[in-house]
Amino acid sequence: MMESGVIDLGRLNELKQEIGEEDFAEVAEIFLEEMDEILQGLKDQPGAATAADFHGLRGSASNLGFSAFAEACAIAERDAAQGAAIDIAPLDALYRASLEAASGVLPQAA
């Protein structure tokens, strides 16, 4: 099965092939640490969320094949750019679900 609903395992495996098995864990950890850091900041100060925050999350999520999370971040990015307040809790839950779905392929989350 190439897609589990929340992640695109095909994209994740494509990244692994593109950069090689050795470097994959390091690159994936960088993306995961970046997403964890941004999400934690958003949870700590949800009112300070900007479109750029969600743009960064979307990019990292797309690279790791977190398709549903990337899509949700794209919507949040658009909404934040229009001045809307963003509820971080569902995004965080979707991120956690993506991590769970990719647990056999990704290195342990930071």
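Throughout what follows, the structure given in this document is the object of discussion. Bear in mind the structure is a predicted one, so any value in this text is a computation, not a measurement.

**Some words on the overall build of the protein chain**
Here comes step 1: Per the secondary structure count, the protein chain includes 5 helices and 0 strands.
Here comes step 2: Beginning at the N terminus, the succession of helices and strands in the protein chain can be written as α-α-α-α-α.
Here comes step 3: The C-alpha radius of gyration computed for the protein chain amounts to 14 Å, which stays within 12% of the reference 13 Å derived for 110 residues, consistent with globular compactness.
Here comes step 4: Considered along the principal axes of its C-alpha atoms, the protein chain spans approximately 40 × 25 × 20 Å.
Here comes step 5: For the protein chain, the proportion of its 110 residues judged to be buried stands at 37%.
Here comes step 6: Expressed as a percentage of contacts within the protein chain between residues at least 6 apart in sequence, the contacts between residues at least 24 apart total 67%.
Here comes step 7: Total accessible area on the protein chain stands at roughly 5,900 Å², and carbon and sulfur atoms take up 50% of it.

**Overview of the packing of helix α4 (residues 67-81) against helix α5 (residues 88-101)**
Here comes step 1: Here α4 crosses α5 at 160°, and the two axes come no closer than 9 Å. On the basis of their axis angle, the class for α4 and α5 is roughly antiparallel. Handedness of the α4/α5 crossing: left-handed. In contact with A68, F69, A72, C73 and A76 of α4, α5 contributes L91, L94, Y95 and S98.

**Quick word on the side chain of K16**
Here comes step 1: For K16, the position within the fold is in helix α1 (residues 9-19).
Here comes step 2: Every residue in contact with K16, bar those within four places of it in the chain, is listed here: E21, F24 and V105.

**Here we look at the nonpolar core**
Here comes step 1: Ranked by internal contacts, the top residues of the largest apolar core, which has 31 residues, are M35, F54, L64, F66, F69 and L106.
Here comes step 2: For this core, the secondary-structure elements that each account for two or more residues are α1, α2 (21-44), α3 (51-63), α4 and α5.
Here comes step 3: Ranked by residues supplied to this core, first place goes to α2 with 7 residues.

**Let's talk about the packing of α3 against α4**
Here comes step 1: Relative orientation of the contacting elements α3 and α4 amounts to 165°, with a least axis distance of 8 Å. Considering their axes alone, α3 and α4 lie roughly antiparallel with respect to each other. Every pair of crossing elements has a handedness; the one defined by α3 and α4 is left-handed. Counted together, A51, F54, H55, L57, R58, A61 and S62 of α3 and F69, A70, C73, A74, A76, E77, A80 and A81 of α4 form the full contact between these two elements.
Here comes step 2: When its residues are assigned to classes, the contact of α3 with α4 shows 11 nonpolar, 2 polar and 2 charged.

Basis of the calculations
- Residues numbered from 1 in each chain as written.
- Predicted model: local features only at pLDDT ≥ 70, side-chain atom pairs only at ≥ 80, totals over all residues.
- Heavy atoms only, no water.
- Helix = DSSP H or I, 4+ residues; strand = E, 2+ residues; numbered from the N terminus.
- Rg over C-alpha atoms; globule rule 2.2 N^0.38 Å.
- Buried < 20%, exposed > 50% of the residue type's maximum accessible area, 1.4 Å probe, protein only.
- Contact = heavy atoms within 4.5 Å.
- Areas by Shrake-Rupley, 256 points an atom, 1.4 Å probe, with all protein chains shown as cover.
- Axes fitted to C-alpha atoms, helices over the stretch in contact; angles between N-to-C directions.
- Parallel < 35°, antiparallel > 145°, perpendicular 65-115°, else oblique.
- Left-handed = near helix turned anticlockwise from the far one by under 90°.
- Core = buried A, V, L, I, M, F, W, Y, C linked by side-chain atoms within 4.5 Å.
- Nonpolar A, V, L, I, M, F, W, Y, C, P; charged D, E, K, R; others polar.

Keep in mind these values describe shape, not function.
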